[in-house]
Amino acid sequence: MLQIKKLTKKFGGVKAVDNCSTSIKENMITAIIGPNGSGKTTLFNLISGTLKENNGRIVFNGEDITHYSPDKVSNAGIARIFQQSSLFWNLTVRENLLIAINQDDTKFWKNLLGLTKYSKDQYKEVKSALSLIGMFEHQNKIVKNLSYGQQRLVEIARSLVNPHKLLMLDEPVAGVNPLIRKNISNLLLDLKKKGETIVLIEHDMDFVLNIVDHVIVMDEGKIIAEGSPNKIKNNSKVLEAYLGD
Amino acid sequence: MIESYLIHLLIMIGIYLILAVALQLAIGYTGLMNLGHIAFFAIGAYVSTIFTLSGIPFLLAFIFAGIIAMIFGYALAYPVNRLKGDYLALATMAFTFVIWSLLINLKGITKGPLGIANIPSPSIFGFQLISPFHFLILVIIIAVLTYYILHKIVRSPFGKVLEAVRDQELTTKILGKNTLKMKSYAFAISAFFAGLSGSLYAHYITYISPSAFTILELLPILAIVIIGGLGSLRGTALATVILILLPESLRFIGVSASFIGPARQFVFALLLILILIYRPKGLMGRVDID
Ligand SMILES: Nc1ncnc2c1ncn2[C@@H]1O[C@H](COP(=O)(O)OP(=O)(O)OP(=O)(O)O)[C@@H](O)[C@H]1O
Ligand SMILES: [Mg+2]
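Remember, predicted model here, so these are calculated numbers, not experimental data.

What counts, and where the lines are drawn
Residues numbered from 1 in each chain as written. Chains lettered and ligands numbered in written order. Predicted model: local features only at pLDDT ≥ 70, side-chain atom pairs only at ≥ 80, totals over all residues. Heavy atoms only, no water. Pairing = 2+ DSSP bridges. Helix = DSSP H or I, 4+ residues; strand = E, 2+ residues; numbered from the N terminus. Contact = heavy atoms within 4.5 Å. Axes fitted to C-alpha atoms, helices over the stretch in contact; angles between N-to-C directions. Salt bridge = Lys/Arg side-chain N within 4 Å of Asp/Glu carboxyl O. Buried < 20%, exposed > 50% of the residue type's maximum accessible area, 1.4 Å probe, protein only. Donors = N, O, S within 2.8 Å, 3.2 Å for Na, K, Ca; no water. Phe/Tyr/Trp six-rings, centres within 6.5 Å; stacked < 30°, edge-to-face > 60°. Lys NZ or Arg CZ within 6 Å of the ring centre and 35° of its normal.

Trainee: I would appreciate a short explanation of the sheet that holds strand β2 (residues 14-24) of chain A in the present structure.
Mentor: Note: strands within a sheet are paired through backbone hydrogen bonds, in either parallel or antiparallel orientation. Residues and elements named next belong to chain A. One open sheet holds the four strands; their spatial order is β2-β1-β4-β5, and the pairing between them is antiparallel. For this open sheet the edge positions go to β2 and β5 (63-64), each flanked by a neighbour on one side alone. Sitting on the sheet, helix α1 (residues 40-47) is in contact with β1 (2-11), β2 and β4 (55-60), with an inclination near 115° to β1.

Structural data, given as structure tokens:
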């Protein structure tokens, strides 16, 4: 579904992503793991177009998206959440999701003439996404008033209703309490059953090894290992990257 | 006497209301710290004046005042696209200086610092609006329409995307929206109404010169937007009425006429400081902007 070819990104002298090649397969949950600063988020940023690569190509379903702007990448079918909370603070939970779902809302004249209302189907989809994460009763709350864990859930729900073929989650459960963590892992497994393709970055090994099908390990900008969770658990390079220094 | 004074105040409230709700759209709803608003007001005033003086009917000149200001607003969004907060404020303020110096220097068109006098009172379909009362009716119609249209915009899905741009521009892009387009629309809409307001101002005062469009003239409008509260059109309307009427009370406590001008500036600045200290969200504000 997604191919990354010899991708490199330098910040000054630091190669944050260093000649990485890999691919993401359909209808799987793939995890990208690695120590702090190993280049995971940078790789996400390159894919979603918020950073420009120095070298390499990114191909999504046969479409070369290497030089796309973030909104074009999104419209090509890639949805994501950020490592830091990035909700629309002053809007309600429901409004946050409605913005993600609606594709006509940037058309000025249609809006001025009152032709772009949110549709019944859109309300319904938002409702079911919120029910899925147990946040339906909070739909009219302003998101800045929610707890951190609830905000993470809303962000996940927002990326879910944003039309997409691939979902990229940057540390969805970091700093979230164990109960919500459990909910999120169940949710991801359900989504996979429904045919979603998901890539996630995560530090929590238990979380990762329990739900994912494929693991990509990064260290110092390089992909040092790749394979099934069981294979990765016993890979000596991986153990060294995590336990060394 | 008292009647014409009241009519004058109401006309000023209308003109400022249009300016302030338009600026609220840019600052409060879209998060664009636009200090170039007075330049759009100036463009509207000059376009309308120059057009009517060259024989173009008022209504057409009025609409062009809005459209030409709008084009400037739309275009301004591009060079300042990557700027945020203070930098955006500085760049848009620079825009005010650019327009102001054009008004001074393009003497062939603008008559330079002397300004343009004897601006005709509006004539609509052959009906001359000579009396201030007739002019007031025109101002009320335009102000109400402006408020209504902006209300429609901010309540629509389009308005929600503007707020999304204000809260998290990068995330708005990640959700597939072209945020540059959204910001240029916000600038354009805001400038359009500022231009209309400028036209009304010119034909009401009947004399314009660059000195009426300096950055100082932005102070009352900015004060209205912040005191009314970011992200609230109703608050903006309320603050307009308060800020136009409050300095007038100075007259009744015996402040001399020559002192009213500076005293007004003083009242605006004082109110602004008090609000920022004691009620940072303004009268009816809903949003926190960091
Ligand atoms: N915008 C930037 N400017 C300069 N250096 C950056 C920038 N973004 C990331 N880096 C550097 O690139 C390297 C990789 O960072 P990145 O955020 O991709 O790591 P990560 O694997 O996501 O780490 P973490 O697990 O802590 O989130 C780090 O050395 C970081 O300091
Ligand atoms: Mg990271």
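Having seen the structure, we can now continue with the description.
Trainee: Before we go on, may I ask you to explain the pattern of salt bridges in this structure?
Mentor: Two side chains carrying opposite charge are able to pair once their charged atoms lie near each other. Here the structure, examined in full by the defined rule, presents 14 salt bridges over all chains. Put simply, K222 of chain A and D18 of chain A hold a salt bridge, and the shortest N to O gap is 2.9 Å. Of this pair, K222 of chain A sits in strand β10 (residues 222-227) while D18 of chain A sits in strand β2, placing them 204 residues apart in sequence. K222 of chain A gets classed as partly exposed once you look at its relative accessible area, which sits at 42%. For E155 of chain A, the salt bridge is made with R152 of chain A, and the minimal N-O distance between the two is 3.0 Å. Pair noted here: E155 of chain A and R152 of chain A are both in helix α6 (residues 148-161), with a separation of three residues, about one helical turn. Across the pair, exposure class does not vary: E155 of chain A and R152 of chain A are buried alike. Linked through salt bridges whose partners overlap, the residues forming this network are E95 of chain A together with K160, E163, R166, D167 and R286 of chain B.

Trainee: Sorry if this is basic, but what is going on with the coordination of the magnesium ion (ligand 2) here?
Mentor: When a metal carries six donors in an octahedron, the ideal angles between them are 90 or 180 degrees, while four donors in a tetrahedron ideally lie at 109.5 degrees. Residues and elements named next belong to chain A. Taken together, T41 (OG1) and Q83 (OE1) make up the full set of protein donors to the magnesium ion (ligand 2), lying 1.9 to 2.3 Å away. In this pair, T41 is assigned in helix α1 and Q83 in the loop between β6 (78-81) and α3 (93-101), connecting sequence segments 42 residues apart. A relative accessible area of 29% means that Q83 is categorised as partly exposed.

Trainee: What should I look at first to understand the packing of aromatic side chains in this one?
Mentor: The relation between two aromatic rings is expressed through the spacing of the ring centres and the mutual angle of the planes. All chains considered together, the criterion is met by 17 aromatic pairs over all chains. Seen in terms of ring centroids, F58 of chain B and F62 of chain B are 5.6 Å apart; in terms of plane orientation they differ by 25°. Their pairing is stacked. Here the residue F58 of chain B and the residue F62 of chain B both occupy positions in helix α3 (residues 58-76), the gap between them amounting to four residues, near one helical turn. Like F62 of chain B, F58 of chain B is buried. Cluster of aromatic residues (ring-pair linked, three or more members): F108 and W109 of chain A together with Y74, Y78, F158 and Y185 of chain B. One cation-aromatic arrangement involves K72 of chain A over Y68 of chain A; the distance from NZ or CZ to the ring centre is 4.5 Å. A cation over a ring is seen here: R158 of chain A above F88 of chain A, with NZ or CZ 4.7 Å from the ring centre.

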